[in-house]
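Okay, here's what each chain looks like letter by letter:
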Amino acid sequence: MSGQQISEKRFWVQRLSKTTLRALHILGIAGAGGGILLSVETSLWLNYWYLAMGTGSILMMWEILRDWRWLIQLKGLLTLGKLGMLCLFVPFANYKPELFTLVLFLSVIVSHGPSGLRHYSIVHRRQIDTKKEIKG
């Protein structure tokens, strides 16, 4: 959005939408994570898994559509790496708790790490700024 301003109404709609998606994503992660870490029967936490995967996919698409360079920044690459680790749940089902813990750890680094780390581009080999982000 170089130089473009969005209306206050649009800003608030986008901000609240993204915040709601993140809240639902965290709820899904908490429910699925509890089931995985405590070895609870899958049917009891599977809906949380669907919620986490659905909202996570929407949030990822939001970032890619906002600015494709998200895909070459560490925050995007680590997110794709987390998806790859989740795919390992199938061939390495006995290691779900360990894989989930690693995915959760990477999530915290991506979310709360310094911007120089999150915005580092592996293509440019430096931090790159992207289009203005609507926080949420």
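Residue positions are given per chain, counted from 1 along the sequence in the order it is written. In view of the model being predicted, local features appear only for residues whose pLDDT reaches at least 70, and side-chain atom pairs are presented and counted only at 80 or more, with totals across whole chains, interfaces and linings using the full set of residues. Note that the side-chain values use all heavy atoms of the structure and ignore hydrogens as well as water.

**Section: the overall build of the protein chain**
Thinking step 1. Per the secondary structure count, the protein chain includes 5 helices and 2 strands.
Thinking step 2. Put simply, DSSP marks the helices as runs of H or I at least four residues long and the strands as runs of E at least two long, and each gets a number from the N terminus on. N-terminal to C-terminal, the α/β element order of the protein chain is α-α-α-α-α-β-β.
Thinking step 3. Principal-axis analysis of the C-alpha atoms places the extent of the protein chain at approximately 50 × 35 × 20 Å.
Thinking step 4. Classification of the 136 residues of the protein chain by burial places 31% in the buried group. We call a residue buried when its accessible area falls under 20% of the maximum for its residue type, exposed when it is over 50%, and partly exposed in between, using a 1.4 Å probe and counting protein chains only.

**Some points on the packing of aromatic side chains**
Thinking step 1. Stacked, edge-to-face and tilted are the three classes for Phe, Tyr and Trp ring pairs, Trp counted by its six-membered ring, which pair at centre distances within 6.5 Å; planes under 30 degrees apart are stacked, over 60 edge-to-face, the rest tilted. Scanning the model with the defined rule gives 3 aromatic pairs in all.
Thinking step 2. Ring centres 6.2 Å apart and planes at 70 degrees place the aromatic pair tryptophan 45 and tryptophan 49 in the edge-to-face group. Residue tryptophan 45 and its partner tryptophan 49 are located together in helix α2 (residues 42-66), separated by 4 residues, close to a single helical turn.

**With respect to the packing of helix α1 (residues 8-37) against α2**
Thinking step 1. Packing of α1 against α2 brings their axes to within 7 Å, and their N-to-C directions diverge by 145 degrees. In this structure, the crossing between α1 and α2 has a hand that is left-handed. Axis definition: a line fit to C-alpha positions, over the contact stretch in the case of helices; interaxial angles, taken between N-to-C directions, run 0 to 180 degrees. Each crossing gets its handedness from the near helix: less than a right angle anticlockwise from the far helix is left-handed, clockwise is right-handed.

**Describing the environment of isoleucine 26**
Thinking step 1. Its location among the elements puts isoleucine 26 in helix α1.
Thinking step 2. Separated by 38 residues in sequence, isoleucine 26 and isoleucine 64 place their C-alpha atoms 20 Å apart.

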